[in-house]
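Report on the structure
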Amino acid sequence: MRRLLLLLLGLLLLHQGRCFEFVIDGEWEDERSAPQDRRERHKRAILTSEEQEDFEAIRGDGIIVKSYKVESRITSRFAHTTVKSLVVNSGSKAESVSFNVQIPKRAFITNFTMNVNGMTFLGSVKEKTVARSLYAQARARGKAAGIVRANSQDMETFKTEVHVPAGSNVEFELHYQEMIQRRLGLYEHLLYLQPGRLVPQFQVDVYIFEPRGISRVQTPNTLGLQFGELIRVTTTKNKAHIVFKPDLQQQRTCGNCTGSAIDGIFTVTYDVNRDSNAGELQVSDGYFVQFFAPSNLSPLPKNIVFVIDVSGSMWGVKMKQTVEAMQAILDDLTIDDHFNIVDFNHNVRCWSEELVPALSIQVADAKRYIQTIRPSGGTNINEALMRAVQMLVRASTQGIIDSRSVSMIILVSDGDPTVGEIKLSTIQKNVKRVMREEFSLFSLGIGFDVDYDFLERVAMENRGMAQRIYANHDAAEQLRMFYSQVSSPLLRRITIQFPEDSVSDVTQNRFDKYFSGSELVVAGKVLPSESNTLTSFTTASADRIDITLETEADTAELDAELAKQQHSFTGFARQLWAYITIKQLISERSLAPTAAKKRKITQRIMSLAVEHQFVTPLTALLVESEDATERLLADSPKDPKHGCCSGVGVGGGSASSGHSPVRVVYQPPPWVQMTTPAPPSQAEKGPEEWALPQQVNLVDNDPHFIIHLPRSNLDVCFNIDSKPGHILNLVSDTGTGVVVNGQLIGSKQVHRNRLNNYFGTISVYYQPDGVSVTVGTDGIGMTDGRNNHSFTWGATAEITQDGVRISIVKDSHVTVTVNNNIQVMVLLHRVWKKNPVNVDFLGIYIPNNNRYSPLVHGLIGQFSREPEVRVYDIHEGVDPLKKEATMEVKGNKLQVTRGWQKDYRRDKRRGSNVYCWFIHNSGKGFIDGHYTDYIVPNLTSFLQAL
């Protein structure tokens with residue numbers, strides 16, 4: 001591995017009789033002059049371990065660092081970080097001062113300013129050609145300097161150096177922005193701290209504002225044990241402040257030492273509250289961002305072909321670490337997964353000829369096979385990938401694998417092809433040609449002898465992503481961590497849609513897969529509208545179920561909230577949209593099929609980067625004095641590890657190949673029409689009956705049963721005086737295989753000498769498919785005995801599995817439909833959380849026209865066979881408002897009272913009156929048997945014959 005020769009240009013600046021010398025570190029990347037010989041690609045430039053150890057934020061003998069301050073403002077996952085330092089040349093002669101900052105590779109520098117003895121340099125982002133032209137003019141006059149970024153393992157380094165006279169004061173200030181990605185269930189924000197010396201005023205502040213609320217904040221002890229207690233974390237519902245402010249003594253490596261113990265990465269991790277699986281839609285300053293990170297879904301089965309490079313260059317620690325990682329990865333496979341191993345050097349071998357289920361005996365045999373591998377020979381990547389794809393195609397064609405499973409190839413290699421097809425563009429075309437739409441390719445490049453550009457292109461083009469694995473002592477952990485990110489796919493074919501004419505310039509909104517613990521992010525511009533609400537619709541496929549989710553956002557609410565926050569980043573949505581768009585365009589540029597297409601994308605990137613002030617591989621930061629007589633240039637050279645234009649996968653999981661921002665709008669799916677708000681003139685009427693017929697049997701409130709008898713045109717009501725915890729059967733139909741049960745809960749305390757009972761859980765079980773839907777006051781669950789999926793009341797959604805469809809209307813009701821024949825609606829009643837007596841409860845509404853079998857029974861089901869009812873001798877009762885009468889039904893004469901109960905479908909708060917004849921004594925004489933006959937042992941139990 002050769003090291004990049006440093007080009008040091010000592011350039012003299014004359015200003016008020018004082019000398020300033022700036023240094024250029026690195027070489028300009030010029031596309032026109034880039035070497036065409038791909039064999040040169042191995043000449044990588046990296047920051048070696050020795051250079052890492054020598055890294056200091058501030059360099060210079062005789063230099064006193066007065067202050068070093070880092071501040072990050074994170075708003076809705078988007079971070080703006082500022083690094084400031086004030087230094088003084090305390091020596092008796094001129095001195096060179098270096099200011100170095102390591103920033104995350106995915107960040108964009110947005111500005112740099114410097115003040116030297118009152119001479120201020122201000123930055124502005126320009127197209128690289130424009131910036132270079134202005135820079136060249138200054139250099140021609142002998143007044144110029146350069147600032148570039150070098151590379152380290154996970155970060156990249158911003159460097160500048162200035163030569164100042166004795167007694168000079170120099171202030172540095174660097175700004176950069178990044179979207180914080182969610183991995184394994186956490187957002188991770190990294191700040192590299194290595195001042196190299198003691199600093200009197202040393203402080204780090206991280207401010208986090210998340211509109212939905214912060215669920216947890218952690219500060220892993222990555223700097224050292226002695227600093228753990230110095231990190232202060234203050235949190236409220238939606239804000240957090242992390243401060244690290246060690247004094248001089250606390251910074252020392254030992255009691256009397258002069259060296260600083262601060263040397264490493266300051267880490268903050270957090271996650272946000274999610275009240276539904278529909279995601280979080282935010283609108284600010286004319287832009288929207290949709291965050292989508294569902295949970296409580298069963299993972300999809302996986303089909304994985306591991307393609308492992310075992311060429312001679314893998315000998316030693318690389319192979320040892322790979323074997324160690326594969327041992328753990330294979331142990332993580334489940335019995336629903338299928339897998340195989342292809343290892344290759346100049347030849348290609350397969351552990352098995354076909355994909356095999358991940359049974360314990362198969363996994364054990366595969367682990368033994370891996371341990372026998374001895375690296376040698378060349379590298380035949382093309383043939384290995386062809387064999388892996390053919391294996392998946394054959395398994396799919398033969399029906400070996402589930403059509404709803406996720407199929408992927410994971411390639412692990414440390415070098416470029418040397419055997420068979422060695423032309424990278426041809427290999428890329430070959431893979432693209434044979435890969436099916438449902439397959440994904442993930443590329444892991446070990447070390448720096450592999451062409452990472454190629455690995456990234458071939459992965460992105462095939463719905464995957466690439467990652468570099470650093471060949472050191474923790475390479476095995478890096479491999480395992482990567483696998484953890486893709487080991488639990490929850491959804492396939494995700495599309496986030498918006499109503500027509502509501503948005504424009506939408507970033508990638510179709511995703512091939514969503515992996516547990518990650519996040520999909522879509523952003524765009526909000527078009528002018530009379531409505532103050534923006535709605536999104538997300539469709540996806542999970543294990544055996546199809547999902548449609550609806551979420552909405554007030555277009556003015558967030559801006560009003562941001563204005564109140566002292567440390568929020570008010571322009572986050574605009575910058576986040578630009579950040580995602582540029583990243584995706586950079587990825588698309590690397591895949592551009594023609595030079596014309598590449599030029600068009602290049603122009604779009606430059607235009608956006610200049611408008612939003614991002615230093616990208618195609619723009620530069622021109623830093624000039626206020627009178628524009630002295631200039632510096634901050635450029636982003638070709639990254640020798642990632643290539644000029646590598647992109648960052650946004651949103652976790654693999655993305656589809658289309659990356660350009662386009663206007664993508666859709667009509668809402670048909671099912672949402674029933675939830676469309678009524679026009680203002682009809683608002684007093686309330687919403688429609690939600691597709692349920694007027695005539696229903698219902699149970700609501702205490703619980704009060706209301707049975708509608710169509711032929712008699714009567715409503716008959718009764719109460720059930722059971723106990724909390726009892727499960728009552730409402731519908732039991734062994735003919736259709738449907739059972740509806742409800743479990744009672746009690747009020748918090750006795751009221752008026754009585755403990756009220758309510759339904760707290762309703763279960764609809766469809767026995768033929770083994771699908772059970774459980775509706776509670778805190779959420780909705782769906783299981784088929786093997787997979788479990790959970791949804792909250794916080795979003796409108798539709799879920800289908802086999803013959804069962806669930807329609808959720810946000811914070812209102814759930815409708816469960818079985819085979820389009822039987823429908824049950826469950827209504828949510830919320831009460832004030834601090835209510836001393838009442839609790840949240842459910843109401844049940846079941847249409848009369850449900851098509852049951854003749855075997856149906858239950859407290860409600862039995863009345864699908866309407867009994868003969870005769871009401872006579874109607875007369876005044878004790879209560880003058882309530883008539884009394886005699887009812888003949890099922891051979892019984894019952895004394896009944898005319899009263900009313902509530903139907904809450906139109907008005908959940910007050911309800912509408914339903915006049916009915918009330919049966920006393922828990923429906924005795926009207927229902928078959930006694931009410932205790934309808935108590936069943938669990939929520940999926942059918943009723944025993946009465």
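From a predicted model like this one, the values you see are computed outputs, not experimental measurements. (Residues numbered from 1 in each chain as written. Predicted model: local features only at pLDDT ≥ 70, side-chain atom pairs only at ≥ 80, totals over all residues. Heavy atoms only, no water.)

Concerning the overall build of the protein
Looking only at helices and strands, the protein features 13 helices and 55 strands. By residue count, 58% of the 946 residues in the protein fall in the buried class. A separation of at least 24 residues holds for 69% of the contacts in the protein among residues at least 6 apart in sequence. For the protein, the accessible surface area stands at approximately 38700 Å², while carbon and sulfur atoms represent 49% of it. (Helix = DSSP H or I, 4+ residues; strand = E, 2+ residues; numbered from the N terminus. Buried < 20%, exposed > 50% of the residue type's maximum accessible area, 1.4 Å probe, protein only. Contact = heavy atoms within 4.5 Å. Areas by Shrake-Rupley, 256 points an atom, 1.4 Å probe, with all protein chains shown as cover.)

Concerning the confidence of the model for the protein
When pLDDT is averaged across the protein, the result is 83; 85% of the residues are at 70 or more. This model gives residues 1-53 a pLDDT under 50, and the stretch forms 115 contacts once residues within four places in sequence are excluded. Between residues 637-692, whose pLDDT stays under 50, and residues either more than four places distant or in other chains, the model counts 154 contacts. (pLDDT = per-residue confidence, 0-100.)

Regarding the sheet that holds strand β21 (residues 287-292)
Spatial ordering of the open sheet is given by β20-β21-β32-β30, a layout of four strands whose pairing is antiparallel. Looking along the sheet, the strands with just one partner apiece sit at the ends: β20 (280-284) and β30 (503-504). When β20 meets β21, the two strands line up antiparallel, connected through five bridges. Bridged to Glu280 within β21 is Phe291. (Pairing = 2+ DSSP bridges.)

A few points about the sheet that holds strand β13 (residues 182-183)
Ordered in space as β13-β14-β19-β16, the four strands form an open sheet in which the pairing is antiparallel. One side of each edge strand has no neighbouring strand; the edge strands of this open sheet are β13 and β16 (214-218). Relative to strand β19 (residues 264-272), β16 runs antiparallel, the two sharing four bridges. Looking at β19, one finds that Val217 is bridged to Tyr270.

Examining the environment of Ser812
Along the chain, Ser812 turns up in the loop between β47 (804-809) and β48 (813-818). Separated by 2.9 Å, the side chains of Ser812 and His813 make a polar contact. (Polar contact = N/O pair within 3.5 Å; in protein donor to acceptor, adjacent residues only side chain to side chain.)

Points about helix α7 (residues 424-434)
All of the buried residues in α7 are Leu424, Ile427, Gln428, Asn430 and Val431. Within α7, the buried residues cover an arc of 160 degrees as seen down the axis, which keeps them to one side. Among the exposed residues of α7, those pointing more than 90 degrees away from its buried face are Lys429 and Arg433. Buried residues in α7 make contact with α6 (381-397), β27 (439-446) and α8 (452-460). (Arc of directions from axis to C-beta.)

A short note on the packing of helix α4 (residues 317-332) against helix α5 (residues 360-371)
At a closest axis distance of 10 Å, the pairing of α4 and α5 adopts a crossing angle of 175 degrees. In terms of orientation, α4 and α5 fall into the roughly antiparallel class. The segment α4 lies against α5, with Val323, Met326, Gln327, Leu330 and Asp331 engaging Val363, Ala366, Lys367, Ile370 and Gln371. Among the residues making up the contact of α4 with α5, the classes are represented as six nonpolar, two polar and two charged. (Axes fitted to C-alpha atoms, helices over the stretch in contact; angles between N-to-C directions. Parallel < 35°, antiparallel > 145°, perpendicular 65-115°, else oblique. Nonpolar A, V, L, I, M, F, W, Y, C, P; charged D, E, K, R; others polar.)

Digging into the packing of aromatic side chains
Per the counting criterion, the structure on display carries 25 aromatic pairs. Pairing Phe244 with Phe266 gives two aromatic rings, centres 5.6 Å apart and planes at 20 degrees, and the pair type is stacked. Residue Phe244 is located in strand β18 (residues 239-244), and its partner Phe266 is located in strand β19; the two are separated by 22 residues in the primary sequence. Residue Phe244 is classed as buried on the basis of its relative accessible area, which comes to 0%. According to the relative accessible area criterion, Phe266 is buried, its value standing at 2%. (Phe/Tyr/Trp six-rings, centres within 6.5 Å; stacked < 30°, edge-to-face > 60°.)

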